[in-house]
Amino acid sequence: MAVKTHVRLRATGEFACFSRPEFKVERVSYPVMTPSAARGMLEAIFWKPEFRWEVREIWVLQHGGEFVLLRNELEERQGQTPILVEDKRQQRASLVLKDVAYLILADLRLAPHADAPLPKYLSQFERRLERGQCHHQPYLGTREFAARFEPSDGSETPLPWDQDLGTMLFDLAFREDDQRQEMTFLRHGREGTREAKGFAEALFFHARLTGGVLKVPQEKYLELYRLEGWQC
């Protein structure tokens, strides 16, 4: 078992959309950032196969309200064959958030094949956070809603907000399966990186905002690791 250390990151943005999975056609955002979105933001700043991010809490620092946004989108994913946009364009409405700010509390967990101590990765992350460096631009739910990030100064206070948010996506487990080769993904281990075939399984939990804080159940990480065959 690896030693864990807390990381605190402040994320802000003009717009955000953390889509609820029960709405199939139009996008409707949760009123707060989801754990998978928070993990994606941390990975945009710093990620290596030798560790994984575990989000502990998400604090709502600012919530500017919601509004409906009508956008033109392609009705299917673009491949290598060129398409005429006018033939594939459709309009979709989205209920998005505006003027948001969150505080993300997370831990680093070392993978079994990690060959360096945890403080090394933690200090690398902190340097990148201080300098505002990232591998790709972090975003708040969808790529067109870019996020700003900075270290926490310790003065953040969550909004006085209590709400039952219902079922929320925790994360996706990428499971190897010879009988369901629906996708290809990478597996990292002591022998290096290899391609694996299988499928993605969505994991959910019942989310509740208490005093402006969303707590992520830690037992879901154990379930995620068990499904992916990740020993910790």
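Refer to the preceding data block for the structure.
The sections below set out a description of the structure shown in this document. None of these values were measured; they are calculated from a predicted model. Counting starts from 1 at the beginning of each chain's written sequence and moves along it residue by residue. At least 70 in pLDDT is required for a residue's local features to be given in this predicted model, at least 80 for side-chain atom pairs to be given and counted, and no such filter applies to totals for whole chains, interfaces and linings, which use all residues. Values shown for side chains rest on all heavy atoms present in the structure; no hydrogens or waters enter the calculation.

## Some remarks on helix α4 (residues 219-228)
Selection rule: When accessible area is computed with a 1.4 Å probe and restricted to protein chains, residues below 20% of their type maximum are described as buried, those above 50% as exposed, and intermediate ones as partly exposed. A run of H or I in DSSP becomes a helix once it reaches four residues, and a run of E becomes a strand once it reaches two; helices and strands are each numbered from the N terminus. The arc in question is the one traced by the directions running from the helix axis out to the C-beta atoms. Whether two residues are in contact is decided by their heavy atoms: any pair within 4.5 Å suffices.
For α4, the complete set of buried residues consists of Lys220, Tyr221, Leu224, Tyr225, Leu227 and Glu228. Along the axis of α4, the buried positions cluster into a sector of 165°, meaning they face one direction only. Of the residues in α4, the exposed ones pointing more than 90 degrees away from the buried face are Glu219 and Arg226. Buried residues along α4 sit against β3 (51-63), β5 (89-110), β7 (163-176), β8 (183-189) and β9 (192-210). Looking one or two residues beyond α4, the residue adopting positive phi is glycine 229, at roughly 70°.

## A few points about the pairing of β8
Note the threshold: Pairing between strands requires that DSSP locate at least two bridges from one strand to the other.
As paired elements, β8 and β9 share 7 bridges and run antiparallel to each other. Across the sheet, the residue bridging to methionine 183 is glycine 198, located in β9. Linking β8 to β9, which pair antiparallel, is a turn of 2 residues.

## Quick look at the nonpolar core
As a reminder of what qualifies: Note on terminology: a nonpolar core comprises buried Ala, Val, Leu, Ile, Met, Phe, Trp, Tyr and Cys residues joined through side-chain atoms within 4.5 Å.
Judged by nonpolar contacts, the single largest core of 52 residues is most densely connected at Phe18, Val32, Met33, Tyr102 and Leu214. Mapped onto this core, the elements with two or more residues apiece are β1 (6-16), α1 (35-45), β3, β5, α3 (118-131), β7, β9 and α4. With 7 residues, β5 is the single largest residue contributor to this core. Those residues within four positions of leucine 214 in sequence are excluded, and the remaining contacts are Val32, Met33, Arg56, Glu57, Ile58, Leu165, Met168, Phe205, Ala207, Arg208 and Leu209.

## Things to note about the environment of arginine 190
One can find arginine 190 in the loop between β8 and β9. When neighbours within four sequence positions are excluded, arginine 190 is seen to be in contact with Pro112 and His113.

## A look at the pairing of β3
In summary, the side chains of a regular strand alternate between the two faces of the sheet. With 10 of 13 residues buried, β3 is to be regarded as a mostly interior element. When β3 meets β5, the two strands line up antiparallel, connected through 11 bridges. Within β5, the position partnered with valine 60 by the bridge is tyrosine 102. Across 3 bridges, the pairing between β3 and strand β10 (residues 213-215) is antiparallel. Bridged to tryptophan 59 within β10 is valine 213.

## What to know about the packing of aromatic side chains
The cut-off we apply is this: Any two rings among Phe, Tyr and Trp, with Trp reduced to its six-membered ring, count as a pair given centres within 6.5 Å; such a pair is stacked if its planes are under 30 degrees apart, edge-to-face if over 60, and tilted if neither. Only when the NZ atom of a Lys or the CZ atom of an Arg is both within 6 Å of the ring centre and within 35 degrees of the ring normal do we say a charge sits over the ring.
One pass over the structure, following the stated rule, counts 11 aromatic pairs. Here the aromatic residues Phe46, Phe51, Trp53, Tyr121 and Phe125 are joined through ring pairs into a cluster of three or more. Positioned over the ring face of phenylalanine 199 is arginine 180, at 3.8 Å from the centre of the ring.

## Comments concerning α3
The line we're drawing: Under the convention used throughout, the expected extent of a helix is 1.5 Å for every residue step, that is, one less than its residue count.
Look at α3: 20 Å from first C-alpha to last across 14 residues, which is about the 20 Å you get at 1.5 Å a residue. Taken together, the buried positions of α3 are Leu118, Tyr121, Leu122, Gln124, Phe125, Arg128 and Leu129. For α3, the angular spread of the buried residues around the axis is 160°, confining them to a single face. What points out from α3, more than 90 degrees from its buried face, is the exposed set Pro119, Glu130 and Arg131. Next to the buried residues of α3 lie β1, α1, β3, β5 and β6 (148-151). Phi turns positive one or two residues past the end of α3, at glycine 132, with a value near 75°.

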